Amino acid sequence: MNWTAIKSIYVFEMARFFRTMAQSFISPVLSTSLYFVVFGAAIGSRIDQVEGVSYGAFIVPGLIMLSVITQSISNASFGIYFPKFIGTIFELLSAPVNFLEIVMGYVGAAATKALFIGVIILLTAFVFVDFEIQHPLAMVGFLILTCISFSLMGFIIGIWAGNFEQLQLVPLLIVTPLVFLGGSFYSITMLPPVWQVISHFNPVVYLISGFRWSFFGSADVSIGISLLAITGFTGLCLAVIWWIFRTGWRIRQ
C-alpha cells in the first residue's frame, strides 16, 4: 500500500477545504438555523411530539443526514472531476498508484469534510433544542459509514459527469428528494399504509432510521436491516469503482 500517495492526495484535497474554512463554518450553521426556524418553530408549533420526542429534537438526525449526504457527494464528485476536467488525472493514472489508493485519498478527504460538517450541525442543534444521544458510539459509526458510502457515490458521479452541470444533476434530482422523502422531518409511521410500503423502497429511509435510533432508541426500520443496507450500498459503490478503473470507463476516453 502506497501510503505516501494516499497522504498526498488526502492533504491536497483537505487544503482546498481549509482555504474556505469561514464559508465551511458559516454555511451549515445558517442552513441549520433556518431549518430549525421553519420546521422547528412553524411545524413544531402544530406537532408537539413524534414517537415521544419533541419535534425540534426529532428532526436533528434528519438535518445532519441531509447535510452529510449532500456534502459527501459534492466534495467527492468535484474532487475527482476537476483533475479530469483539467487533464491532470492522466498524471495520476500513470503514477505507481492503484485504484484503491486513489479512492482512499479522494474519498477519505471527502468523508472527512462531510464528517466535519456533520459535527458542526450537531453542535448547532444543541443551541436550539435539548436532546440526549442514547447510543453515541452507534451514532458516530452511522455517521462515518454514511460519509464514506456517499463519498464513494460522489466519486462515481464525478467520473461519470461530462460537465459541471451534470455534477449537480444526480444530487439535485435524485438524492435530495430521496432524503426529504426518507423520513428526515417525519416518521414514516405517520404516512398512510400504502405510502409506508412505498417508503421502504427508498434506501435513505434505512440510513435515517438507523441514525435516529442512535439518538432516541426508536426507529422505523430494524437497526440490523439499516446496517445491512448501508453495508450493501458501500460494497456496491466499491464494486462499481473497481469496474470503472479496470475498464477505464469515462477516465481514459
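Model, not experiment: these values are computed from the prediction.

Cut-offs applied
- Residues numbered from 1 in each chain as written.
- Predicted model: local features only at pLDDT ≥ 70, side-chain atom pairs only at ≥ 80, totals over all residues.
- Heavy atoms only, no water.
- 1 Å grid on protein atoms, 1.4 Å probe; cavity = no way out; pocket = protein on both sides within 12 Å on 5 of 7 lines; lining within 4 Å.
- Points joined across faces, edges and corners; volume = space filled by probe spheres on them.
- Helix = DSSP H or I, 4+ residues; strand = E, 2+ residues; numbered from the N terminus.
- Nonpolar A, V, L, I, M, F, W, Y, C, P; charged D, E, K, R; others polar.
- Expected span 1.5 Å × (residues − 1).
- Buried < 20%, exposed > 50% of the residue type's maximum accessible area, 1.4 Å probe, protein only.
- Phe/Tyr/Trp six-rings, centres within 6.5 Å; stacked < 30°, edge-to-face > 60°.
- pLDDT = per-residue confidence, 0-100.
- Lys, Arg positive; Asp, Glu negative; His and termini not counted.
- Salt bridge = Lys/Arg side-chain N within 4 Å of Asp/Glu carboxyl O.
- Contact = heavy atoms within 4.5 Å.
- Axes fitted to C-alpha atoms, helices over the stretch in contact; angles between N-to-C directions.
- Parallel < 35°, antiparallel > 145°, perpendicular 65-115°, else oblique.
- Left-handed = near helix turned anticlockwise from the far one by under 90°.

### Some remarks on the layout of surface pockets
Part 1 of the reasoning: Reported here for the second largest pocket is a volume of approximately 280 Å³.
Part 2 of the reasoning: Phe12, Glu13, Pro83, Thr88 and Tyr106 are, among the 15 residues lining the second largest pocket, the residues nearest its centre.
Part 3 of the reasoning: Looking at the lining of the second largest pocket, the elements that each hand over two or more residues are helix 1 (3–19) and helix 4 (60–86).
Part 4 of the reasoning: Of the residues contributing to the lining of the second largest pocket, the split by class is 10 nonpolar, 3 polar and 2 charged.

### Some points on helix 4
Part 1 of the reasoning: Taking 1.5 Å per residue, 27 residues should reach 39 Å; helix 4 reaches 39 Å between its end C-alpha atoms and fits that length.
Part 2 of the reasoning: Of all the 27 residues making up helix 4, 20 are buried; the element is thus mostly covered by neighbouring parts of the structure.
Part 3 of the reasoning: A positive phi of about 90° marks Gly87, the residue just after helix 4.

### Re unusual backbone geometry
Part 1 of the reasoning: The backbone of Arg250 shows a phi angle near 65°, a positive value even though the residue is not glycine.
Part 2 of the reasoning: One can find Arg250 in the segment after helix 11 (223–247).

### Quick notes on the packing of aromatic side chains
Part 1 of the reasoning: Considering all chains together, one arrives at 16 aromatic pairs under this definition.
Part 2 of the reasoning: Judged by centre distance (5.4 Å) and plane angle (85°), the rings of Phe17 and Phe116 are edge-to-face. Residue Phe17 is found in helix 1, and its partner Phe116 is found in helix 6 (residues 99–128); the two are separated by 99 residues along the sequence.
Part 3 of the reasoning: On the numbers, 6.3 Å between centres and 50° between planes, the contact of Tyr106 with Phe155 is tilted.

### Regarding the environment of Pro136
Part 1 of the reasoning: Within the secondary structure, Pro136 is located in helix 7 (residues 136–160).
Part 2 of the reasoning: What makes Pro136 partly exposed here is its relative accessible area of 44%.
Part 3 of the reasoning: Sequence separation between Pro136 and Ser54 is 82 residues; the distance between their C-alpha atoms is 19 Å.

### Re the confidence of the model for the protein chain
Part 1 of the reasoning: Looking at the protein chain, the pLDDT average stands at 88 and 95% of residues meet or exceed 70.
Part 2 of the reasoning: Taken element by element, the predicted model of the protein chain shows its lowest mean pLDDT in helix 2 (residues 21–43) (74) and its highest in helix 7 (95).

### Considerations on the side chain of Arg212
Part 1 of the reasoning: Mapping Arg212 onto the fold places it in helix 10 (residues 203–216).
Part 2 of the reasoning: It is Asp220 that comes nearest to the buried, bridge-free Arg212 among opposite-charge side chains, at 4.6 Å.
Part 3 of the reasoning: Leave out the neighbours within four places in its chain, and Arg212 touches Phe58, Pro61, Gly62, Gly183, Ser184, Tyr186, Gly217 and Ser218.

### A closer look at the pattern of salt bridges
Part 1 of the reasoning: Under the definition given, this model contains 2 salt bridges.
Part 2 of the reasoning: Note that Lys113 is salt-bridged to Glu13, the shortest N-O span being 3.9 Å. A residue pair is termed long-range when its members are at least 10 positions apart, and Lys113 in helix 6 and Glu13 in helix 1 qualify at 100 residues. Each member of the pair, Lys113 as well as Glu13, is classed as buried.

### Focus on the packing of helix 4 against helix 10
Part 1 of the reasoning: In the contact formed by helix 4 and helix 10, the axes pass within 9 Å of each other and the chain directions differ by 130°. As the angle between them shows, helix 4 and helix 10 are arranged oblique. The crossing of helix 4 and helix 10 is right-handed. Touching Val60, Pro61, Gly62, Ile64, Met65 and Ile69 of helix 4 are Val204, Leu207, Ile208, Phe211, Arg212, Phe215 and Phe216, all from helix 10.
Part 2 of the reasoning: When grouped by side-chain class, the residues that make up the contact of helix 4 with helix 10 number 11 nonpolar, 1 polar and 1 charged.

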